[in-house]
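Structural characterization, general
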Protein chains: 2
Amino acid sequence: MGEFELIARHFAEPARALATPAVAVGIGDDCAVLQPAPGAQLLVSCDVLVEGRHFVPGTDAYRLGHKCLAVSLSDLAACGAAPLGFVLSLTLPHADEAWLAAFSKGMLALARASDCPLVGGDTAKGPLAINVTVFGQIPQGQALLRSGARVGHDVFVTGAIGEARAGLQLLQQRWSLANEALCAHLLRRLEAPTPRLAVGHHLRGVASSAIDLSDGLCGDIGHILKASGVGARIDGAALLQTAPRLWMASELDAMSEAERIAFAMAGGDDYELLFTAHPGFRSYLTELGQELGVAITRIGEVTEGDALIVQDARGEPVPLSAASFDHFA
Amino acid sequence: MGEFELIARHFAEPARALATPAVAVGIGDDCAVLQPAPGAQLLVSCDVLVEGRHFVPGTDAYRLGHKCLAVSLSDLAACGAAPLGFVLSLTLPHADEAWLAAFSKGMLALARASDCPLVGGDTAKGPLAINVTVFGQIPQGQALLRSGARVGHDVFVTGAIGEARAGLQLLQQRWSLANEALCAHLLRRLEAPTPRLAVGHHLRGVASSAIDLSDGLCGDIGHILKASGVGARIDGAALLQTAPRLWMASELDAMSEAERIAFAMAGGDDYELLFTAHPGFRSYLTELGQELGVAITRIGEVTEGDALIVQDARGEPVPLSAASFDHFA
């Protein structure tokens, strides 16, 4: 089966069925043509996932398809944007039909759920790598940026922090947990993260800064602190309380509180949102989390200076080991 | 040097200097934020170039950087769009500073010349592959598509067709030409094609269909014929006259007219535009070509049916060998 047929069968035909009214011309011309809302600003983000680097060979193709789109949608969520569409460029060592069928199903299921149609792409023979570029839109001037955190604002996270890293520990057989349901949950958190688009949308006009947690909280909050010219104090105990299912596992009893906090601070791949907001939004945010079914937890506050201080339950500073994951370190 | 420093030095810092007024937020946040013109439609295209597949190891890095952006800009040109910006995702086996410096210079020089700023990207360790996604804009409903060719319209090409394939013959040492200036020209045509953005812009409201020549005229015109539900008759002699420098080379005297025509029909990588237009535009297009300094040559006409017929100077049909290049054939 040739390149064009392969793309048509697994991507182009199902993608056409998902096109939204914003898609004036979808797959099949030199360019896709999209119609943003009047006056909207366009948001763009791209991510590449490489086999052996971002995922292990043999990763479930359906989940991989989901994740490759999810990580880019997560960037839109962090800016508060609504998805418009995405393009996919795929390098594949060979045209494995079963793999492509599962991969495209996983990717397009999330595309449908997120109103983010596939509008174009490219395919080539080569080592397995998946490139996704997503486009979103937002009313002018409303994009959430990294640069708006102010001293005295609260620091919040969505969801359970550290669970994806725990999933990686399981996958790499560094950890072994008896609770099979927990293991399945943690692996799912690593392999099929949920982009927090609805939360991001409701943070327009609320969050003073935002970022998604891809490389680890320690490094990612660092981007906000640098861009905003501020420091932060993180309450490690509050951070651990975001992931009660994880820390109840008896196999982890040997880990000290400081070790748990350092683990959660350095865990990548959660694809939750980290954001800052004026303290006046506390009750609004609690209600928002309940309404959307996503925990929104206050884990600290923005401080003067440029230091990131992480404290344990007694207020003692926790030493943090390696920061975020650097692909060329 | 870490990933972030590497990107900053060779891409982010020089890119910031190139930002246009349309870039509300460039590199350095979760998403880039672009401001399209009021009411504009957004055009998107992406291309991946893989080492060993689309270019040979050791390809000049400056030219490679140019080409990786040029092939995507060529898609915008084929739609008549004006560039807004692009994102780059790069997988590299290692962080070779000299290579990155040259590659980024080549890419960003074309970005500057095309008013197409780099607004974001991603980098990972892996086999060398370059992904570019470009965004353009055009007033609503004016994008040139593949589907508008009508019976009786003329078929035109820009530039010299077949020169890039000749460059590939030289590179692969299948051909040897004594004329060094010609060799340098042909290699440049292969390795550093010029996206025909100005021509495309002026074809708005003029061309009834358009495509860029990436995989070869034979396959590329086939996309127009299929999308428009028409056939075409191509004048092979007119096609050869687009590339007089090439066909004057005495080493090629042994090639018959039919062989030359088949060569030009199947040559990829020219990144010229192929378009159709009402015959009433003939003199307009001749003047346009002179004004822009780009040859615009009538090479045939749109016919009823669905056949592609290529004729030699005597009107005899030329048998065409393999069609366009299929990456998974």
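Sequence order as written defines the numbering, with residues in each chain counted from 1. Think of it this way: whatever chain is written first is A, whatever ligand is written first is 1, and the rest follow in order. Under the rules for a predicted model, residues below a pLDDT of 70 receive no local features and side-chain atom pairs below 80 are neither given nor counted, while totals for whole chains, interfaces and linings still include all residues. Side-chain numbers here rest on the full set of heavy atoms in the structure, without hydrogens or water.

The name given to chain A in an unreviewed UniProt entry is Thiamine-monophosphate kinase, with the source organism recorded as Lampropedia cohaerens. UniProt positions are given in the numbering used here, feature names are shortened, and annotations may be inferred rather than shown by experiment. A UniProt comment under Pathway (unreviewed entry) is attached to chain A, and it reads "Cofactor biosynthesis; thiamine diphosphate biosynthesis; thiamine diphosphate from thiamine phosphate: step 1/1." Under the heading Function (unreviewed entry), UniProt records this for chain A: "Catalyzes the ATP-dependent phosphorylation of thiamine-monophosphate (TMP) to form thiamine-pyrophosphate (TPP), the active form of vitamin B1."

**Here's the deal with the pattern of salt bridges**
Residue and element names in this part refer to chain A. The term salt bridge refers to a side-chain nitrogen of Lys or Arg lying within 4 Å of a carboxyl oxygen of Asp or Glu. Tallied over the entire structure, the rule returns 26 salt bridges over all chains. For the salt bridge of Arg 189 with Glu 272, the shortest nitrogen-to-oxygen distance reads 2.7 Å. Here the residue Arg 189 occupies a position in helix α5 (residues 180-191), and Glu 272 occupies one in the loop between α10 (257-265) and β10 (273-277), the gap between them amounting to 83 residues. Among the ionic contacts, a cluster of salt bridges with common partners joins Glu 163, Arg 189, Arg 196, Asp 270 and Glu 272. Numbering of helices and strands runs from the N terminus; a helix is a DSSP stretch of H or I covering at least four residues, while a strand is a stretch of E covering at least two.

**Some thoughts on empty space enclosed by the protein**
Each cavity reported here is a set of points on a 1 Å grid over the protein atoms alone in which a 1.4 Å probe fits but cannot get out, each pocket an open set with protein on both sides within 12 Å along at least five of seven lines, and each lining residue one with an atom within 4 Å of a point. Grid points are joined across faces, edges and corners, and a volume is the space filled by probe spheres set on the points. For the coordinates displayed, the defined rule picks out 2 cavities of 30 Å³ or more. Empty space within the largest cavity amounts to approximately 70 Å³. Considering the residues around the largest cavity, the lining is formed by 14 residues, among which Asn 131 and Thr 133 of chain A together with Ser 89, Asn 131 and Thr 133 of chain B are closest to the centre. Within the residue set of the lining of the largest cavity, elements represented by two or more residues are β4 (82-92) and β6 (129-138) of chain A together with β4 (82-92) and β6 (129-138) of chain B. Tallied by class, the residues present in the lining of the largest cavity amount to 8 nonpolar, 6 polar and no charged. Considering only enclosed or pocket space, the second largest cavity measures out at about 40 Å³ in volume. By the convention adopted, Pro, Cys, Tyr, Trp, Phe, Met, Ile, Leu, Val and Ala count as nonpolar, Lys, Arg, Asp and Glu as charged, and the other residues, Gly among them, as polar.

**Notes on the relation of the copies chain A and chain B**
Taken as rigid bodies, chain A and chain B are interconverted by a rotation of 180 degrees and an axial shift of 0.0 Å, the fit giving an RMSD of 0.0 Å. Both copies are brought into coincidence by an operation consistent with a two-fold rotation axis. With an isologous cut-off of 70% or more, the 100% of interface residues of chain A that recur at the interface of chain B puts this contact in the isologous class. Residues below a pLDDT of 70 in either copy are left out; the C-alpha atoms of the rest, at least 70 in both, set the least-squares superposition of the copies. Two residues qualify as a contact provided that any one of their heavy atoms is within 4.5 Å of a heavy atom in the partner residue.

**Structural notes on the interface of chain A and chain B**
One frequently used descriptor of interface size is the decrease in accessible area upon assembly of the parts. Counting residues at the interface gives 64 residues for chain A and 64 residues for chain B. Regarding the contact of chain A and chain B, the summed buried area is about 5,000 Å², with carbon and sulfur atoms giving 62% of it. Scanning the region where chain A abuts chain B turns up 4 salt bridges. What qualifies as a polar contact is a pair of N or O atoms within 3.5 Å, subject to a donor-acceptor requirement within protein and to the restriction that residues adjacent in sequence count only when both atoms come from side chains. At the junction of chain A with chain B, the criterion picks out 22 residue pairs in polar contact (both at pLDDT 80 or more). At 9 residues, strand β3 (residues 41-50) of chain A tops the list of elements feeding residues into the side of chain A that touches chain B. Taken together, the residues of the side of chain A that touches chain B break down into 33 nonpolar, 19 polar and 12 charged. Bridging between β3 of chain A and strand β2 (residues 32-34) of chain B involves 3 bridges; their strand directions are antiparallel. Opposite Leu 42 of chain A, over in β2 of chain B, you have Leu 34 of chain B as the bridge partner. When two parts are put together, the accessible area they lose, computed with a 1.4 Å probe and summed over both, is reported as buried area. Whether two strands pair depends on DSSP finding at least two bridges between them.

**Digging into the sheet that holds strand β2 (residues 32-34) of chain A**
Spatial ordering of the open sheet is given by β1(A)-β2(A)-β3(B)-β6(B)-β4(B)-β5(B), a layout of 6 strands whose pairing is mixed. Every other strand in the sheet has two partners, leaving β1 (23-25) of chain A together with β5 (118-125) of chain B as the edge strands with one partner each. On average, each strand axis in the sheet is tilted by 20 degrees relative to the strand beside it, whichever way the strands run. Lying over the sheet, helix α2 (residues 61-79) of chain B contacts β3 (41-50), β4 and β6 of chain B, oriented at roughly 30 degrees with respect to β6 of chain B. Running over the sheet, helix α3 (residues 97-113) of chain B touches β4, β5 and β6 of chain B and is turned about 165 degrees from β4 of chain B. Only the stretch in contact is used when fitting a helix axis, every axis being a line fitted to C-alpha atoms; angles between N-to-C directions are given from 0 to 180 degrees.

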